[in-house]
Amino acid sequence: MKNITKLLTAIMLAGVAATSATSAMADGAKIFVIGGKADDPFWSKVKKGADDAGKVAELTGGSVTWLGPQNYDNLGPDAAKLIRTALSQKPSAIVGPDWVPEAMDDAFKEVVAAGVPLIIYNSGGMDSAKRLGAMNYVGNEEYAAGLGGGTYYGSHGAKNVLCVNTLPGATNTEDRCKGIADAIAKSGGKSSQLPLPSSSFGNPTAVAEAIKAAVLKDNTIDGVITISAGDANSAANAISQANAGDKVKLASFDMDETGLQRIKAGTQMFAVDQQPYLQGYLAVSLLNGFVNYGLDLPTKPVLTGPGIVDAANVDATMAGAAAGAR
């Protein structure tokens, strides 16, 4: 009799659990994604990935909401406000970059303390994810990306590379420039940083003038790398105006179609790629699977880069760019 009672109890409890799971799935996953400006060439690709993954979330009754700052002038505090805005909406999960830890970490800790699943992506790396109690990190390890770029420069004979940073103080951009410097030093070269006010980000004239002045002031500079594709376009103009195209080899972190055309034409040496589309797509997909089905990956972090795009693989990359995913 006792065994029959236990069996009936187990069946009843299993039925309750199944009903609860079905109810949770009916509601779907309400996912909030903190990212950059939607009209930023890099972040538009991240957003496309998040939106595409959001189509699957919508099929199970869920939603994906993108929150981005108006500009990058006060990046850390503004991003912290966005995190808290997302938390106030009673989300099922949150995705966010840890751009400026000292300004953003407290807000992320509030997310975790509230029991909301969190994935850090794009900036901060697995160290930030562990420190904050996030499930995982999806994206590039920025210092490793810098090492990759510096190694490429060094192997192609560069001796003095200028790393142009229009978001100084942000963890990801600082790590990029540091990686460039550390890697090129191993081949006997050097790299210095040109930090510009964050208000210069997206201002092609200000960026071009600053790079032109730096190149004209130091004629030993033989490489210029920028932290973004947009800044690379400004750098290309600056190098041309300084009549330094034969000597100064341009590169960039990330890329756009203009940069890819330069690589194909031979006026830009390479780009360091982190596959932004995958960052948005994978982060949202992982959280949607976790909220709905309890799925989780043992792979931590989930890396989307770095990779080098140069003359050898630019054609395949351009095909992906034409589809809006590279």
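A quick note: this is a predicted structure, and the numbers were derived from the prediction, not measured.

Peer 1: Lay out the overall build of the protein chain with the relevant residues and their values.
Peer 2: Summing up its helical and strand segments, the protein chain has twelve helices and twelve strands in all. Taking all 326 residues of the protein chain together, the buried fraction comes to 49%. The contacts of the protein chain with a sequence gap of at least 6 include a subset with a gap of at least 24, amounting to 73%. Just so you have it, the protein chain exposes about 14300 Å², and 57% of that area is on carbon and sulfur atoms. Averaging the positions of the 27 positive and the 31 negative side-chain charges in the protein chain gives two centres separated by 4 Å.

Peer 1: Can you tell me about the side chain of Asp222, naming the residues and giving the values?
Peer 2: Within the secondary structure, Asp222 sits in the loop between α8 (204-217) and β8 (223-226). An unpaired buried charge is present at Asp222: no salt bridge exists, and Lys159, the closest side chain of opposite charge, is 7.7 Å distant. Side-chain polar atoms of Asp222 contact the backbone nitrogen of Asn160, separated by 2.9 Å. Each residue touching Asp222, except ones within four places of it in the same chain, is listed here: Gly157, Ala158, Lys159, Asn160, Val161, Lys247, Val248 and Lys249.

Peer 1: Got a sec to walk through the sheet that holds strand β1 (residues 30-34)? Specific residues and values, please.
Peer 2: On the basis of which strands lie adjacent, the open sheet formed by six strands has the order β2-β1-β3-β4-β5-β11 and parallel pairing. Two strands bound the open sheet, and with one partner strand each, they are β2 (63-67) and β11 (302-303). For strand β3 (residues 93-96) and strand β4 (residues 118-121), the ladder comprises three bridges, and the chain directions are parallel. Along β4, the bridge assignment pairs Gly96 with Ile120. The strands that helix α2 (residues 41-59) touches are β2 and β4; relative to β2, the one it contacts most, it runs at about 160 degrees. In the packing of helix α4 (residues 101-113) onto the sheet, contacts are made with β3 and β4, and the angle to β4 comes to roughly 150 degrees.

Peer 1: Give a detailed account of the pattern of salt bridges, specifying residues and quantitative values.
Peer 2: This structure, assessed with the given rule, holds twelve salt bridges. Note that Asp51 and Lys47 form a salt bridge whose closest N and O atoms lie 2.9 Å from each other. Pair noted here: Asp51 and Lys47 are both in helix α2, with a separation of four residues, about one helical turn. Lys47 gets classed as partly exposed once you look at its relative accessible area, which sits at 24%. Its salt-bridge partner being Lys55, residue Asp52 comes within 3.5 Å of it at the nearest N-O pair. Here Asp52 and its partner Lys55 are both found in helix α2, three residues apart, which amounts to about one turn of the helix. Since its relative accessible area comes to 18%, Asp52 is described here as buried. Judged by relative accessible area, which is 51%, Lys55 ranks as exposed. Overlapping salt bridges, with partners in common, bring together Lys48, Asp52 and Lys55 in one network.

Peer 1: Kindly report on the state of the cysteines, identifying the contributing residues and their values.
Peer 2: Within this structure, the stated rule accounts for one disulfide. Covalently, Cys163 is tied to Cys177 through a disulfide, its sulfur atoms 2.0 Å apart. Handedness of the Cys163-Cys177 disulfide follows from its S-S torsion of about -75 degrees: it is left-handed. On the criterion of sequence distance, the pair formed by Cys163 in strand β6 (residues 160-165) and Cys177 in helix α7 (residues 171-185) is long-range, its members being 14 residues apart.

Peer 1: I'd like a rundown of the packing of aromatic side chains, residues and numbers included.
Peer 2: Given two aromatic rings, their pairing is described by the distance between the two centres and the angle made by the two planes. Per the counting criterion, the structure on display carries seven aromatic pairs. Plain terms: the ring middles of Trp43 and Trp99 are 5.6 Å apart, the flat faces sit at 85 degrees to each other, and that makes the pair edge-to-face. With Trp43 in helix α2 and Trp99 in the loop between β3 and α4, this pair connects stretches of sequence that are 56 residues apart. We classify Trp43 as buried; its relative accessible area is 6%. Summarising the aromatic geometry, the rings of Tyr153 and Phe270 are spaced 5.2 Å apart at their centres and angled 75 degrees between planes, so their arrangement reads as edge-to-face.

Reading the values: rules and limits
- Residue indices begin from 1 for each chain and proceed along its sequence in written order.
- In keeping with the predicted nature of the model, local features appear solely for residues at pLDDT of at least 70, side-chain atom pairs appear and are counted solely at 80 or more, and the whole-chain, interface and lining totals rest on all residues.
- Excluding hydrogens and water, the side-chain values take into account all heavy atoms of the structure.
- A run of H or I in DSSP becomes a helix once it reaches four residues, and a run of E becomes a strand once it reaches two; helices and strands are each numbered from the N terminus.
- When accessible area is computed with a 1.4 Å probe and restricted to protein chains, residues below 20% of their type maximum are described as buried, those above 50% as exposed, and intermediate ones as partly exposed.
- In what follows, a contact means two residues having at least one pair of non-hydrogen atoms within 4.5 Å.
- All accessible areas in this document rest on Shrake-Rupley with a 1.4 Å probe, and a residue is counted as covered only by the protein chains that are shown.
- Here Asp and Glu are counted as negative and Lys and Arg as positive; His is not counted, and neither are the chain ends.
- Lysine's charge is taken at NZ, arginine's at CZ, aspartate's at CG and glutamate's at CD.
- Any carboxyl oxygen of Asp or Glu within 4 Å of a side-chain nitrogen of Lys or Arg constitutes a salt bridge here.
- Here a polar contact is taken to be a pair of N or O atoms separated by no more than 3.5 Å, where protein atoms must pair a possible hydrogen donor with a possible acceptor and residues adjacent in sequence count only if both atoms sit in side chains.
- One bridge is not enough; two strands pair if DSSP finds at least two bridges between them.
- Angles run from 0 to 180 degrees between N-to-C directions of axes, and those axes are lines fitted to C-alpha atoms, restricted for helices to the stretch in contact.
- Note on disulfides: each one is a pair of cysteine sulfur atoms within 2.5 Å.
- Any Phe, Tyr or Trp ring, taking Trp's six-membered ring, that has another such ring centre within 6.5 Å forms a pair; planes under 30 degrees apart are called stacked, those over 60 apart edge-to-face, and the others tilted.

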